[in-house]
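# Report on the structure
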Amino acid sequence: MAKKHSLEALYRTLKDVKCNKDCSSNTRHVSSVVRKFSSMERVNINVKAGTVSGVIEKLPDGNDFCAFRGIPYAKAPVGSGRFQPPEPLDRFQTPVLDCSVERDVCISKNPFDQKWNGSEDCLHLNVYTPQIRHQEEPLPVMVFIHGGSFKYGSGNSDCYSPEYLLEQNVIVVTINYRLGPLGLLHLPSQGVEGNMSLKDQLMALRWVTENIVSFNGDPNNVTLFGESAGAVAVHLHLLSTRSTQYFHKAICQSGVPLAGYALPNDTIGNSRRLARLINPLAKTDADVLKTLRNAPAKELALLGDRTMTKDESRSGFPIAFRTVIDTNSKEPIVALHPITAMQTTDRIPQIPLMLGYNDRDGASFTQHMIKYPELYRDDMQRMIPRTLNLDKRSPEAAQLAKEIEQFYFGPEGFSPRKVDDFADLVTDCNYSVIIRMAAELHARFQHRSPLYFYRFEYDGDLNLYKKFLPFPLAGAYHADDLGYLFRMRMAPKEVHANSEAARVRRYMCRMWTNFAKYGNPTPAHDESLPFSWTPVPHVEPESQARFHLPYLRINAEPQMDVDPDRERIGFWEKIYQKYNGGFKNI
């Protein structure tokens, strides 16, 4: 290993440093960055497209790890490649590609600072390994798909730096993929088949299969995991015969494709409306595609949410561009509706699945209600899940809305002051109920695939995402589990090694990496975990017995329990029985 520096990386590290009234402080900052950069130890690895040059950094436990950031895994999807499947990258543009710092993400607005960043040249991934030298046994690999409603976010270390996972002796790969209209535009009459986000992810998985051995990784032991929209993507790959050859375990955190915000919508209509926001004269689909191909990428991302119909906007989360059923495409990745796929017996190979949600997932989405309470006071029907076989405009739906309001808010009805109750309602409508349904369908129809179910309910110092939101409520918000798996470099939070939060982090990282290694989060030989996680038993598809769901309560002292949120789930179970014939008939 040689110590060297790259002018390209130095430029990318310092390009945003600007002189202000206190130029001397900036000069000191630049000097410190130069010193830190020039002292980094470098390591080069050969992959199929050339040589990548990464850096050696320190883990919290004092051991080294190697980081290779911003590795292109496909050609830039620009020009005629916009809206088309990713193409393999034959060779890097330089003999040795500097991978000391991250490259562009997909153009999107950062939800934390509301600034636009990124570009269309965004198909990059990051490889982190605790051992670069080859040993007798290659390391298990964990590939993470980030969330962000399929319209923002990235796999980069501002939110997803995996040091604590690496301490458990696994390799972690985080990926970027196309977002919003760039990743999910759908115009089949013009050869735009949709699901480019998923096809980018699949290309990244192929890259891992072909190259991870060079990083001392095991291509035959790959775990695909993701959170929120990333979990939806993981589950779609789990249901896709085209994807499952590239991974061997799956983890879905707070997301499944049965959720209302993930089910297919009017994607073709949204694509046409997007073009007409830019060019009102775009009448034919050929005009639509020409308009969208020539428009600036930022304009597409900016206008994407304005394409939805009023009915679409009032129902669930406002996600205009989503995954689609692409049965008739050249290489379908979602060949069946996810509800149909889940009920196709043993469609999933012998791939263990870990599935769960956070106890207050919905608390992250209360701001809209607080800002616009009249929308909910006058229209509680907007909270009726799309998965119910019921016309939301019908008198029957109006009656159901009253029942929902009475159950969650009591006899006096809805009030914007009842933020806790609203958080529970949003949690149930978008996460807990539908994820429990997915668990039941999996237990009934996917007998070859073991299932471990959890409810993350710890509220501690590393619940980082709730800290960005007003009106903090008790419990774990959406994405709060991520603070116990990843280090958020944009807002690092240090906790004492003997603190309760650090103990929960050790439990989480140990269970997640045990699952990646063995397909069991609490194997009998692991004495570091003072509890055991029991898998969900299989159920015969036609069994009329009430399904009970064993799960692990993840808190300061994890323990097994049965039927999470049973009272609220029971309320919805009766509703689904009335309109759908039960949870298994979504």
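Refer to the structure presented above.
The rules behind the values
Residues numbered from 1 in each chain as written. Predicted model: local features only at pLDDT ≥ 70, side-chain atom pairs only at ≥ 80, totals over all residues. Heavy atoms only, no water. Helix = DSSP H or I, 4+ residues; strand = E, 2+ residues; numbered from the N terminus. Rg over C-alpha atoms; globule rule 2.2 N^0.38 Å. Buried < 20%, exposed > 50% of the residue type's maximum accessible area, 1.4 Å probe, protein only. Contact = heavy atoms within 4.5 Å. Pairing = 2+ DSSP bridges. Expected span 1.5 Å × (residues − 1). Core = buried A, V, L, I, M, F, W, Y, C linked by side-chain atoms within 4.5 Å. Phe/Tyr/Trp six-rings, centres within 6.5 Å; stacked < 30°, edge-to-face > 60°. Lys NZ or Arg CZ within 6 Å of the ring centre and 35° of its normal. Polar contact = N/O pair within 3.5 Å; in protein donor to acceptor, adjacent residues only side chain to side chain. Patch = residues over 30% accessible without salt bridge, like charges linked within 9 Å, V, L, I, M, F, W, Y side chains within 5 Å. Areas by Shrake-Rupley, 256 points an atom, 1.4 Å probe, with all protein chains shown as cover. Salt bridge = Lys/Arg side-chain N within 4 Å of Asp/Glu carboxyl O.

Looking now at the overall build of the protein chain. Of regular secondary structure, the protein chain possesses 17 helices and 15 strands. For 586 residues, the compact-globule estimate of 2.2 N^0.38 gives 25 Å, and the protein chain sits close to it at 24 Å. Taking the principal axes of the C-alpha coordinates as reference, the protein chain spans close to 70 × 65 × 50 Å. Looking at the protein chain as a whole, 61% of its 586 residues qualify as buried. Pairs at least 24 apart in sequence give 72% of the contacts found in the protein chain among residues at least 6 apart.

We now examine the pairing of strand E2 (residues 50-58). The element E2 is largely enclosed, with a buried count of 8 among its 9 residues. Alignment of strand E1 (residues 41-47) against E2, held across 7 bridges, turns out to be antiparallel. Of the residues in E2, the one forming a bridge with glutamate 41 is isoleucine 56. Hairpin remark: E1 followed by E2, antiparallel, with 2 residues in the connecting loop.

It is worth spelling out helix H7 (residues 267-278) at this point. Spanning 12 residues, H7 covers 17 Å between terminal C-alpha atoms, matching the ideal 16 Å at 1.5 Å per step. Listed in full, the buried residues belonging to H7 are Thr267, Gly269, Asn270, Ser271, Leu274 and Ala275. The secondary structure elements touched by the buried residues of H7 are helix H4 (180-184), helix H8 (285-294), helix H9 (297-303) and helix H10 (310-314).

Turning next to the nonpolar core. Phe68, Ile71, Val127, Val173, Phe215, Leu355 and Trp572 are the most contacted members of the largest nonpolar core, which has 137 residues in total. Membership of the second largest hydrophobic core comes to 49 residues, among which are Phe65, Leu482, Phe515 and Ile554.

With that settled, the discussion passes to the packing of aromatic side chains. Per the stated rule, a full pass over the model turns up 27 aromatic pairs. Three or more aromatic residues link up through ring pairs in this structure, and these residues are Tyr452, Tyr454, Trp512, Phe515 and Trp533. Sitting over the ring of tyrosine 376, arginine 382 keeps its end group 5.3 Å from the ring centre. One residue, arginine 505, lies across the ring of tyrosine 164, its end atom 3.7 Å from the ring centre.

Quick look at the side chain of serine 449 now. Tracing the chain through its elements places serine 449 in the loop between helix H15 (419-445) and strand E13 (451-456). Among the polar contacts made by the side chain of serine 449, one reaches the main-chain carbonyl oxygen of isoleucine 351 at a distance of 2.4 Å. If sequence neighbours within four positions are ignored, serine 449 has contacts with Ile348, Pro349, Ile351, Pro352, Leu353, His442 and His538.

The next point concerns a nonpolar patch on the surface. Taken together, the side chains of Phe112, Phe468 and Met490 make up a nonpolar region of the molecular surface, amounting to roughly 250 Å² of accessible area. Here phenylalanine 468 shows up in the loop between E13 and helix H16 (500-518). Phenylalanine 468 gets classed as partly exposed once you look at its relative accessible area, which sits at 40%.

Pairing between side chains of opposite charge can happen when the charged atoms of each approach one another. What the rule picks out here adds up to 35 salt bridges. Salt bridges linked by common partners bring Arg360, Asp420, Asp424, Asp428, Arg455, Glu457, Arg553, Asp565 and Arg568 together as one network.

This paragraph deals with the environment of lysine 58. Mapping lysine 58 onto the fold places it in strand E2. Taking relative accessible area as the criterion, lysine 58 reaches 56% and is therefore assigned exposed. Leaving out residues up to four positions away in the same chain, lysine 58 has contacts with Asn63, Asp64 and Phe65. Looking at lysine 58, its side chain comes within polar contact range of the side chain of aspartate 64, at 2.8 Å.

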